[in-house]
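So the chains spell out like this:
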Amino acid sequence: MHKSRSHTPLDVLKDKSALALKESIKNIDSYTHVRGESLYVDDVNVREGTYYSVVFDSPKAHGRIINIDYSKAEKLGGVARIFTYKDIPGENQIGGIIPDEPLFAEGEVHFWGQPIALIVASSEFIARQARRLIQIEIEELPVITTAKEAKEKGKFINAPRSFILGNTEKAFKDCDYIFEGETFSNGQEQLYIEAQGAYAEPLENGSIKITSSTQGPTAVQKTAARVLGFPMHKIEVDVTRLGGGFGGKEDQATPWAVMAALATYHLNQSVKLILNRHDDLRMTGKRHPYESSYKIGLSKDLKILAYEAEFLQNSGAAADLSPAIAERTLFHATNSYFVPNVKSTVISCKTNLPPNTAFRGFGGPQGMFVIESAIANAAANIGVSPSKIQEANLLGENDEFSYGQIATGVEAKNSWKAVKSIYNLEQIEREVEDFNNSHSDFKKGLALMPICFGISFTNTPMNHARALVHIYQDGSVGISTAAVEMGQGVNTKMLQIAAQLFSIAHHKVKIETTNTTRVANTSPSAASSTADLNGKALLKACKALLERLKAVASEALNTAIETIEIKDEIVYANGKASDLSWNTLIGTAMLKRVALTENAHYATPVIRFDKSKEKGHPFAYHVYGTAIITTTVDCTRGTYVFDAIKIVHDYGKSMSKGIDLGQVEGALVQGVGWMTMEEIAYGEDGRLLSNALSTYKVPDMFSIAKTIDVVPLETTGSDMAILKSKAVGEPPLMYGIGAYFAIQNAIKAFNPNYKLKFHAPMTPEKVLMSLYSR
Ligand code: MOS
């Protein structure tokens, strides 16, 4: 994918601060990944007699269940039992934020793919055969698939919310330009390579251990306890790693784990439930489609004076994480711009789709697409380049966000300036123009995309984590945190923190599985905050251990504790190497009966948010950056390629250069996919039509940029970020929004009559129609 990768004097990674890396570290999972030895849920050692299971789900999007005949399925040889809501000893309820979602449907079904029963058999093959023998009779009810229709019919998840800054009504009176419009952004399938799954096994005295592919082990534990009517201590959840999550396993890994646990509870035997791709696509929720409308007002000098937006979120049939996702839409409604008068409202609309859920960006991208659409529309009508409006309104130091937080450490203008100068924007613009003047069958388009993303769970109480560190008596170290490794490289970052702080070799440190009995009451690995929260807790634990070890060394070497240092596994006193090595120091500590285990807790300071006023300081800090995206559209076919995506990204002081670059590239490609080729389609009957990888296209090596360049912006980082290395998981996804507008500009170059569309994704079919529209 990368023909070139720029390294410039701005490269912050040459930093020589105490904790900076001596050498760059590879993702610690790369060795087992490449050899196919990494373990996932489906790789657990199953015990003798383990059962396999398949979910029986609704074949209609909305209706009353008249009758279900399980008798033929039950009689099939090898079928152990079929479980329904009647077999639930606790509550038939899995809704985390709002209790509106049963584990198994009772009298009614609300989406196509809603779980009704779990078929447990001696093999998955038999369970699948049995599923075909179940006969269900449903009295169909009206199906709603769009947010607008839900709004018209008064179907909502919860009450709408609004963020207000200044007074838009008054401000619009002073505007020289006012534009209104509507936008649509479609859903997006998370498409983790490892489908949803879990393995439950019975332990002693009725306890159950669940191995789950979840971003939220505590959510699985809590919900399993709720459904089984258990205290939480009887459920242990363990996660080695996920084959991708992207938000799709923040909340929606839970039902499968709970179903497996329910069957284990009844059968006192291990039960495995791994969805195949077809079942996974049909039964799980996706990024929320949004239907939105806006009104934007500008002055003559292109300052945005007022902005109003109404976001209709297609939440699906139950709340899931929709209210939290809706909230983040409001937080990011003005992207990286300062707008003095804002009124944004989000309405979570209840439809008959699978409950839509978290997906990288968590509602932020949907909000940002709308203001970028508003700017593009305003620019087209005024007759200026959208980048003029973008540039004129970039956020500055001490500007106020609509939610009351005062922006500090702002890098919006810096990253914008940097991207223009480093990549020579004027030259790129000239090249695009020259190309368009000399080509009639192909046209190029260009767009800039600045981003600003807030880091922290917007729900303040979730911003905490713990770490448990053991130093074993041979000097090796074992670390447990709440961080779930899902390919993002968080385990590598955790390892680096301990190895750097103790100044010991990487191979001396092991990152343990994420397990609820070692680290309890955790927030999910989400919101880009996993490395910050868990890393800070880990740093705290390691620092406490280091102090304890220094005291041991000070006694052994008969010198003041302040003079002790550990460097490369050697104890130094007064700057001189002693004959105490790390290993002998640990041995000495052991003999002196010093605790070599530490548990630490970290809760993000400063942040707060008052939901009654919709004001506060919800984010620890923000991440910034700007991308330049150029595309070439084939005007005969409507296909497009991205020539180059050039980014200046604010990593702070990146602690893991390779991992962070991978996160930027991966997120970017996912963002481009969402905006361009990934098209979720439901029939009017609520059936998922894009139900396989033959009908749902994600970007591949050939469909994304020939060149992706990422230059780190030299910034001081933030003390709220782990080792000043800023969160990187979600923010770069939103660079992908620029891809949509680059294509629009190419179409415009071909077809001067073209009226800009704000209806994503911009698939080749839509491009072709647009090229020849009048
Ligand atoms: Mo992530 S979308 O916050 O699980």
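Structural notes, computed from the coordinates. Numbers given to residues run from 1 along each chain, matching the order in which its sequence is written. In keeping with the model being predicted, local features are shown solely for residues with a pLDDT of at least 70 and side-chain atom pairs are shown and tallied solely at 80 or more, while totals for entire chains, interfaces and linings include all residues. Values reported for side chains reflect all heavy atoms of the structure, with hydrogen atoms and water molecules removed beforehand.

What follows is about the nonpolar core. Grouped together as the largest cluster of nonpolar side chains are 56 residues, with contacts concentrated most on Ile-296, Tyr-307, Phe-311, Ile-389 and Ile-628. Comment: elements are numbered from the N terminus, with helices defined as DSSP H or I runs of at least four residues and strands as E runs of at least two. With six residues, the single largest contributor to this core is helix H10 (residues 364-382). Any two residues having at least one pair of non-hydrogen atoms within 4.5 Å are treated as being in contact. Setting aside anything within four residues of it in sequence, one finds Ile-389 in contact with Leu-298, Leu-302, Ile-304, Ile-375, Ala-378, Ala-379, Ile-382 and Val-384. Judged by nonpolar contacts, the second largest core, of 54 residues, contains Phe-369, Val-664, Met-734 and Ala-760. What makes a nonpolar core is a set of buried Ala, Val, Leu, Ile, Met, Phe, Trp, Tyr and Cys residues whose side-chain atoms join them at distances within 4.5 Å. The buried label goes to any residue with under 20% of its type's maximum accessible area, the exposed label to any with over 50%, and the partly exposed label to all in between, with areas taken from a 1.4 Å probe on protein chains only.

On the surface, Glu-426, Glu-429, Glu-431, Glu-433 and Asp-434 cluster together into a negatively charged patch. For Glu-426, the position within the fold is in helix H13 (residues 425-438). Taking the relative accessible area as the measure of exposure, Glu-426 reaches 57% and is therefore exposed. Patch rule: a residue counts if its relative accessible area is over 30% and it has no salt bridge; like charges are joined within 9 Å, and nonpolar side chains (Val, Leu, Ile, Met, Phe, Trp, Tyr) within 5 Å. Only the protein chains shown count as covering a residue, and every accessible area follows the Shrake-Rupley method with a 1.4 Å probe. For this document, the term salt bridge refers to a Lys or Arg side-chain nitrogen within 4 Å of an Asp or Glu carboxyl oxygen. Here Asp and Glu are counted as negative and Lys and Arg as positive; His is not counted, and neither are the chain ends. The location of each charge is read from NZ of Lys, CZ of Arg, CG of Asp or CD of Glu.

Ring geometry is summarised as follows: Phe, Tyr and Trp rings, the Trp one being its six-membered ring, pair when their centres sit within 6.5 Å, and such pairs are stacked at plane angles under 30 degrees, edge-to-face over 60 and tilted between the two. One pass over the full model with this rule turns up 19 aromatic pairs. Centroid distance Phe-331 to Phe-619: 5.2 Å. Interplanar angle 75°. Geometry classified as edge-to-face. You can see Phe-331 sitting in helix H9 (residues 322-331) and its partner Phe-619 sitting in the loop between strand S26 (615-617) and strand S27 (621-634), a full 288 residues away along the chain. Take Phe-331: its relative accessible area is 3%, and that puts it in the buried class. Exposure remark for Phe-619: the relative accessible area of 0% places this residue in the buried category. Taking 5.7 Å as the distance between ring centres and 85° as the angle between the ring planes, the aromatic pair formed by Tyr-403 and Phe-619 counts as edge-to-face. Pair noted here: Tyr-403 is in the loop between helix H11 (386-392) and helix H12 (412-422) and Phe-619 is in the loop between S26 and S27, with a separation of 216 residues, a long-range link. The same class applies to Tyr-403 as to Phe-619, namely buried.

With that settled, consider the pattern of salt bridges. This model, assessed by the stated rule, comprises 38 salt bridges. For Asp-57, the salt bridge goes to Arg-131, with nearest N and O atoms at 3.9 Å. On the criterion of sequence distance, the pair formed by Asp-57 in strand S1 (residues 51-57) and Arg-131 in helix H3 (residues 124-132) is long-range, its members being 74 residues apart. The salt bridge partner of Arg-637 is Asp-634, with a shortest N-O separation of 2.7 Å. On the basis of relative accessible area, Asp-634 is assigned to the buried category, the value being 8%.

Function cannot be inferred from these measures alone, as they are strictly geometric.
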